Amino acid sequence: QVQLVESGGGLVQAGGSLRLSCAASGRTFSTYPMGWFRQAPGKEREFVAAISRSGGTTYYEDSVKGRSTISRDNAKNTVYLQRNSLKPEDTAVYYCAAARGVVTTTRTGYDYWGQGTQVTVSS
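The structure reproduced in this document is the subject of the present report.

Thresholds, definitions, all that
- Residues numbered from 1 in each chain as written.
- Predicted model: local features only at pLDDT ≥ 70, side-chain atom pairs only at ≥ 80, totals over all residues.
- Heavy atoms only, no water.
- Buried < 20%, exposed > 50% of the residue type's maximum accessible area, 1.4 Å probe, protein only.
- Helix = DSSP H or I, 4+ residues; strand = E, 2+ residues; numbered from the N terminus.
- Pairing = 2+ DSSP bridges.
- Axes fitted to C-alpha atoms, helices over the stretch in contact; angles between N-to-C directions.

### What about the pairing of strand S7 (residues 68-73)?
In the case of a regular strand, side chains alternate between the two sheet surfaces.
Part 1 of the reasoning: Only one face of S7 is covered, namely the face carrying Ser68, Ile70 and Arg72; the face carrying Thr69, Ser71 and Asp73 is uncovered.
Part 2 of the reasoning: Sheet topology note: the S7/strand S8 (residues 78-83) ladder contains six bridges and is antiparallel. Across the sheet, residue Thr69 finds its bridge partner in S8, namely Gln82.
Part 3 of the reasoning: A loop of four residues connects S7 with S8, the two strands running antiparallel in sequence, and Asn77 in this loop sits at a positive phi of about 55 degrees.

Structural data, given as structure tokens:
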């Protein structure tokens, strides 16, 4: 089992940037594909980005592509999500997740979730 703790959220103006971090417990972090999801008020949790175990393969949701970079440091048991050119519609709680299976963009493919970090983008 792995425990996940997100950090790095906050209030930012439109056009600004944030770097979200997700620290994982345990010695097997490198065996988990990782993902970032977000959930805005009144909406379902949606996929943002995912990264393979080695970090060699990444996936992005279309609306964040070109404005986001997912990366991981297996030595530090941490996955990151760099968000640039933020828009008010990016406002949401951002969650990181770990999958026991293959890297995926679907929410049901992830087995472990963090508590989330709030990102608020003001116009």
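Moving on, there is more to tell.
### So, the sheet that holds S8
Part 1 of the reasoning: Here we have four strands laid out as an open sheet, ordered S1-S3-S8-S7, and antiparallel in their pairing. Here the strands that pair on one side only, and so sit at the sheet edges, are strand S1 (4-7) and S7. Neighbour-to-neighbour, the strand axes of this sheet turn through a mean angle of 15 degrees, independent of strand direction.
Part 2 of the reasoning: Sheet analysis places strand S3 (residues 18-24) next to S8, joined by six bridges and oriented antiparallel. Opposite Leu20, over in S8, you have Leu81 as the bridge partner.

### Quick notes on unusual backbone geometry
Part 1 of the reasoning: Positive phi, close to 55 degrees, is recorded for Asn77, a residue that is not glycine.
Part 2 of the reasoning: Along the chain, Asn77 turns up in the loop between S7 and S8.
Part 3 of the reasoning: Residue class for Asn77 comes out buried when judged on its relative accessible area of 18%.
Part 4 of the reasoning: Positive phi outside glycine occurs at Ser85, with the angle close to 45 degrees.
Part 5 of the reasoning: Among the structural elements, Ser85 can be located in the loop between S8 and strand S9 (92-98).
Part 6 of the reasoning: On the basis of relative accessibility, which here comes to 41%, the residue Ser85 falls in the partly exposed class.

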